[in-house]
Amino acid sequence: MNTVQLECFLTVAEYLNFSKASRALKISQPAVSHQIQTLEEELGVKLFNRTSKSVSLTHEGNLFLPDAQLILKTAVAAKDRLGSHDHFIFLELGCHNYMEMNLLPPVLQKLSGEFPLLRPNIHLVPFPSLLSLIENSQIHAALGIKDEQRMSPLSFKKLCSAPIACVCSPEHPLAKYRSLTCGQLSGNFIASSPRQIPDAVFSIQNSILGRLLPEQRLFSQNTESAFALAKAQMGYTLFPDIVPARDPDLCYIPVTDLPHVPFGVYCQHKHDQPVLNRFVALISQYMKDGYPDTSAII
């Protein structure tokens, strides 16, 4: 399977006409047909139904369409990244969830203004293995909660001390409180997979689950789905309250008898990259300001 085959397949799938596809690709119609035929032989399926009057995707062709788009996009991106672009400044960043990712746009906007050749790439990796990517120099920095129980060879720059908050919809009964204690938490609790949340949050989550009836427990695969269930008024969840990353459709009520957790940015101890140093400085200032106003970042 090669990129020429994929380009031909996707173009024919777009136009559903071999003549129009050949003109768009600027190659002969027999060449397009040959590429489709060799792709079908390689995959062992028929991708198009062809008659003298019409062309349509087969069931297998429809199934293959998103795969072909992804494969071609990945191949083109890899070729571009491996080309002679020494003048570009690549910055590989990692996040565990979309809330953390929401912190990046205003910081990257400011950073790209200072470094016009900046080419950032954001990795969304919900698992603890994200930090291993830094250790192996696959990414430069990652946002996350610090695990105080585990030693890490990485440098950790604390950005804030985040309180654990009850996260719920504005219509939830707990939303009327300005602060809560664990004893006041009531109703259905939405737990996230332990592989998707920090150990400190997992420990708190377990203590809550232990005193609930089975019908009061809801489980989600990740933080995003837990927040979606909270918006659906199916219960509440607990999560570190990082103010600039808040979801505006949810309420965050601090649980005062739960410990705060350190949130920050991880990177390697030994690095000499001005753009990375500046990124850390900018996101530190952004978190200090606590609101998404890029003009306030200095």
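Calculation notes
- For every chain, the first residue of the written sequence is number 1, and numbering continues from 1 along that sequence.
- For this predicted model, a pLDDT threshold of at least 70 governs which residues receive local features, and a threshold of 80 or more governs which side-chain atom pairs are given and counted, while totals over whole chains, interfaces and linings are taken from all residues.
- Calculation of side-chain values draws on the structure's entire complement of heavy atoms; hydrogens and water are dropped beforehand.
- Here a pair means two rings of Phe, Tyr or Trp (six-membered ring of Trp) with centres within 6.5 Å. Their orientation is stacked below 30 degrees between planes, edge-to-face above 60, and tilted elsewhere.
- For helices the rule is a DSSP run of H or I covering at least 4 residues; for strands it is a run of E covering at least 2, with both sets numbered from the N terminus onward.
- Partly exposed describes any residue whose relative accessible area lies between the buried limit of under 20% and the exposed limit of over 50%, with all areas from a 1.4 Å probe on protein chains only and scaled to the type maximum.
- Whether a charge sits over a ring depends on NZ of Lys or CZ of Arg being within 6 Å of the ring centre and within 35 degrees of the ring normal.
- Two strands qualify as a pair provided DSSP detects at least 2 bridges between them.
- To define axes, lines are fitted to C-alpha atoms, for helices over the stretch in contact only, and angles between the resulting N-to-C directions are given on a 0 to 180 degree scale.
- The scheme is simple: roughly parallel for angles under 35 degrees, roughly antiparallel for over 145, roughly perpendicular for 65 to 115, oblique for anything else.
- Pairs of residues are marked as contacts when any of their non-hydrogen atoms sit within 4.5 Å.
- For this classification, Asp, Glu, Lys and Arg are treated as charged, while Ala, Val, Leu, Ile, Met, Phe, Trp, Tyr, Cys and Pro are nonpolar and the rest, including Gly, are polar.

The protein carries the name LysR family transcriptional regulator in an unreviewed UniProt entry, which gives Candidatus Mediterraneibacter faecavium as its organism.

This brings us to the packing of aromatic side chains. Taken as a whole and judged by the stated rule, the model has seven aromatic pairs. Between the aromatic rings of Phe18 and Phe48, the centroid separation amounts to 6.1 Å while the plane-to-plane angle is 70°, which identifies the pairing as edge-to-face. On the criterion of sequence distance, the pair formed by Phe18 in helix H2 (residues 18-25) and Phe48 in strand E1 (residues 48-50) is long-range, its members being 30 residues apart. Taking the relative accessible area as the measure of exposure, Phe18 reaches 8% and is therefore buried. Summarising the aromatic geometry, the rings of Phe189 and Tyr236 are spaced 5.3 Å apart at their centres and angled 55° between planes, so their arrangement reads as tilted. Of this pair, Phe189 sits in strand E8 (residues 189-192) while Tyr236 sits in the loop between helix H9 (223-231) and strand E10 (237-240), and the two are 47 residues apart along the sequence. Pairwise contacts between aromatic rings join Phe9, Phe18, Phe48 and Phe64 into one cluster. Its end group placed over the ring of Phe88, Arg119 keeps NZ or CZ at 4.1 Å from the ring centre.

The next subject is the pairing of strand E5 (residues 141-145). With five of five residues buried, E5 lies mostly within the body of the structure. Both faces of E5 are covered, namely the face carrying Ala141, Leu143 and Ile145 and the face carrying Ala142 and Gly144. Bridging between strand E3 (residues 89-95) and E5 involves two bridges; their strand directions are parallel. The partner of Gly94 across the bridge, within E5, is Ala142. Pairing of E5 with strand E12 (residues 261-267), which is carried by five bridges, proceeds in the antiparallel orientation. Residue Ala142 lies in a different strand from E12, and its bridge partner there is Tyr266.

In this section: the packing of H2 against helix H3 (residues 29-43). In the contact formed by H2 and H3, the axes pass within 8 Å of each other and the chain directions differ by 100°. One way to sum up the angle between H2 and H3 is to call them roughly perpendicular. Residue-level inspection shows Phe18, Ser19, Ser22 and Leu25 of H2 in contact with H3, the latter providing Gln29, Val32, Ser33 and Ile36. Grouping the constituent residues of the contact of H2 with H3 by class yields four nonpolar, four polar and no charged.

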